[in-house]
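Report on the structure
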Amino acid sequence: MRADAFASASRARPVAQHTASSARRRGPARAARVVATAVTSPIQPSPDVVDASRAASSAACTVACFVRKDALSFMRYPKSLAARGRFDVEGPSFGEVFEHLARRVAWSDADEGTLRMIVVDVDASDEEMRASGASDADVFIAIDVDDEETAGRVRRATASAATGCALNSPALEADERIFYQPTRQLRAVRAKLTPWSQAAKDVRLIDQVKELYARGNHLDTLLSILLLVDASGARVPAVDINQDITLGNVWCIASNCNKQLLACYQNPQCKKSLDCVDACGLNDQVCTYTCIRSYQNEQFEKLARCMLHKHNCLGNDAKRPQLPAVLPMTTWRGEMLTHAAAERIMQGWLGEKQYSWLAVAGQNPAYDYFPNQFQIWYKDKKNKTAFWYNPVFKVNTLDGRSVYRRSDYRCRRAETPGTFIFSFMDNGVTSEEYWRVVDAADDLSWSLYYYAGAAKSAGQSYIGAVLATPDGLWPAEDQMDRIEDSLWRGCGVKIWEMCQVDNSTAHDGDAPLEPLHEPSLMP
């Protein structure tokens, strides 16, 4: 269910720092249990999370992000866990969120070490801002700066930055710029700008960054940062998507896909899909995937298959994200994990139930936030070497409907037990994903997965993590320390990145849960 039809801060922090943060929000007793869990856990920690020595020592592009570090951020802890009283506050601070996003900025860089983000408190003095390295930044982002005194300090610290954006910071809007070009002046003459000119693109970029940040989730905030970095001249593979239609693109579509394009424009749903995706921008995965799943239709799939899968008319070549390095669990039920045991974990409760697992929470807002996410994994009865994944999920469409969608993944074992390569075609585009079984309870009361994938010709790459249980409810409280530890040390994912799935109608009996192939169940 993860593909789009179109489309130094530290690289790491040592575990001790994460534990200190845990103590502040949970109390020392619970933090001590987290440490004890880490000692006995079957997970393999990600080297990019636990080894501070892997942090980049220099960078070709540096972002300085100015926030009020101690203030409550826009992120929230999962509501059911919060209702249990697991956390002392509603959510993490701006400091915690943006320090973590700094890691994700570094992890977004395929070349490693060329992208870096530093987080500066807006209440810091001029001297403290200079000492932080903000004066050497190529890009600055200011958040919630509404007084001229603070704005003055930020302005002085970022005078040499080529690119900058003020988010909820009216006192700094006049300082916004893309590669030294002030956008406030351009916005004043927007109506006179040629739509395809660089000036018009710069204005649209600032508008897009602000819209992404206003959504209030970690993925869109990360995308807004990376878009500014990319605009400053540093290549960012995660957002380096060909969005400008050239004569060559037009010729490719006209000469190869003219029939499919005509059929699409004659179909109201297909035209809605095209218009909706065009308004999003191809690098906005949250927006585009919602468009495609809302107006899903055969004509759009045929057009995408021709333009992207068959002829790659946009010339994209997305690569699967490599960072952070996430490893599979090592043991299960007291024995070394095998390929067969990993498949048994994934098969889960299929047989006793109509599905294997029901997602509780997911990390990726584009693909993991849909309601009622049933996971169905099984071996093929007719082909003993085949393993299938048929996710079924509900989409609340943009035109006010609630409909179920499903996908069909072919899964094959990767080299290490607990790792799999998933391939599938989603709305006309072929994607490939690398999945890992990160952790699972011996009694199958919960399981945790991590994936990294790419829709090559759509130009989109992505990651995500999914926590699943038999009933779609959070695991018992005595399991949560282990799960948080597996999310963090195993996947580099904070608990506040996991959005709780709405399973309120999952058991109404209307989900199409029949496997798409004849299953052969393992005991």
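Located above this text is the structure these notes cover.
Residues numbered from 1 in each chain as written. Predicted model: local features only at pLDDT ≥ 70, side-chain atom pairs only at ≥ 80, totals over all residues. Heavy atoms only, no water.

**Quick word on the environment of alanine 476**
You can see alanine 476 is positioned in the loop between strand E19 (460-469) and helix H16 (477-491). With a relative accessible area of 45%, alanine 476 lands in the partly exposed category. A C-alpha to C-alpha distance of 9.0 Å links alanine 476 and serine 445, two positions 31 residues apart in sequence. (Helix = DSSP H or I, 4+ residues; strand = E, 2+ residues; numbered from the N terminus. Buried < 20%, exposed > 50% of the residue type's maximum accessible area, 1.4 Å probe, protein only.)

**Details of the layout of surface pockets**
Estimated volume of the second largest pocket: approximately 750 Å³. Taken together, 35 residues make up the lining of the second largest pocket; nearest its centre are Ser108, Pro237, Ala238, Pro321 and Ser461. Here the lining of the second largest pocket takes six residues from helix H10 (residues 218-231), the largest share from any one element. A breakdown of the residues in the lining of the second largest pocket according to their chemical character gives 16 nonpolar, ten polar and nine charged. (1 Å grid on protein atoms, 1.4 Å probe; cavity = no way out; pocket = protein on both sides within 12 Å on 5 of 7 lines; lining within 4 Å. Points joined across faces, edges and corners; volume = space filled by probe spheres on them. Nonpolar A, V, L, I, M, F, W, Y, C, P; charged D, E, K, R; others polar.)

**Notes on the packing of helix H9 (residues 198-214) against H10**
At a closest axis distance of 7 Å, the pairing of H9 and H10 adopts a crossing angle of 160 degrees. Put simply, H9 runs roughly antiparallel to H10. Like other packed secondary-structure pairs, H9 and H10 cross with a definite hand, here left-handed. On the side of H9, the interface is formed by Leu205, Ile206, Gln208, Val209, Leu212 and Tyr213, while H10 contributes Asp220, Thr221, Leu223, Ser224, Leu227, Leu228 and Ala231. Tallied by class, the residues present in the contact of H9 with H10 amount to nine nonpolar, three polar and one charged. (Axes fitted to C-alpha atoms, helices over the stretch in contact; angles between N-to-C directions. Parallel < 35°, antiparallel > 145°, perpendicular 65-115°, else oblique. Left-handed = near helix turned anticlockwise from the far one by under 90°. Contact = heavy atoms within 4.5 Å.)

**Thoughts on the state of the cysteines**
Scanning all chains against the criterion turns up five disulfides. Here cysteine 264 is linked by a disulfide to cysteine 270, with a sulfur-sulfur distance of 1.9 Å. Negative torsions about the S-S bond denote left-handed disulfides, and the value of about -100 degrees found for cysteine 264 with cysteine 270 makes this one left-handed. Indicated for the chain is the disulfide connectivity 1-10, 2-9, 3-4, 5-8, 6-7, based on numbering the bonded cysteines in sequence order. (Disulfide = S-S within 2.5 Å.)

**Remarks on the pairing of strand E1 (residues 61-67)**
Side-chain direction in a regular strand flips from residue to residue, so the side chains alternate between the two faces of the sheet. Within E1, seven of the seven residues are buried, leaving the element largely enclosed by the surrounding structure. Along E1, one buried face is formed by Cys61, Val63, Cys65 and Val67 and the opposite face, lined by Thr62, Ala64 and Phe66, is buried too.

**What about the side chain of serine 356?**
Mapped onto the elements of the fold, serine 356 is located in the loop between helix H15 (339-347) and strand E9 (357-362). In this structure the side chain of serine 356 is engaged in a polar contact, spanning 2.8 Å, whose partner is the backbone oxygen of glutamine 347. Once residues lying within four places of it in the same chain are set aside, the contact partners of serine 356 are Met346, Gln347, Gly348, Trp349, Leu350, Gln375, Ile376 and Trp377. (Polar contact = N/O pair within 3.5 Å; in protein donor to acceptor, adjacent residues only side chain to side chain.)

**Considering the pattern of salt bridges**
In total, this model carries 31 salt bridges according to the counting rule given. Lysine 210 serves as the salt-bridge partner of glutamate 176, at 2.8 Å between the closest nitrogen and oxygen. With glutamate 176 in the loop between strand E4 (163-167) and strand E5 (177-178) and lysine 210 in helix H9, the pair connects residues that are 34 residues apart, well separated along the chain. For glutamate 176, a relative accessible area of 2% translates into the label buried. We classify lysine 210 as partly exposed; its relative accessible area is 25%. Here glutamate 343 and arginine 413 are joined by a salt bridge, their closest N and O atoms 2.9 Å apart. On the criterion of sequence distance, the pair formed by glutamate 343 in helix H15 and arginine 413 in strand E15 (residues 409-413) is long-range, its members being 70 residues apart. For glutamate 343, a relative accessible area of 3% gives the class buried. What emerges from the salt-bridge pattern is a single network uniting Arg84, Arg86, Glu477, Asp481 and Glu484. (Salt bridge = Lys/Arg side-chain N within 4 Å of Asp/Glu carboxyl O.)

**Describing the pairing of strand E2 (residues 115-121)**
In terms of burial, E2 is a largely internal element, five of the seven residues being buried. In the sheet, E1 pairs with E2 via seven bridges, with the strands oriented parallel. The partner of threonine 62 across the bridge, within E2, is arginine 116. (Pairing = 2+ DSSP bridges.)

**Some points on the nonpolar core**
Within the largest apolar cluster, 61 residues are counted, with the highest numbers of intra-cluster contacts made by Phe98, Met117, Ile143 and Ile225. It is H10 that contributes the most residues to this core, seven residues altogether. In this structure, isoleucine 143 is in contact with Cys65, Phe66, Val67, Phe94, Phe98, Val122, Leu167, Ser169 and Tyr213, ignoring residues within four places of it in sequence. Counting residues in hydrophobic clusters, the runner-up holds 36 residues, among them Tyr289, Met329, Ala366 and Tyr389. (Core = buried A, V, L, I, M, F, W, Y, C linked by side-chain atoms within 4.5 Å.)

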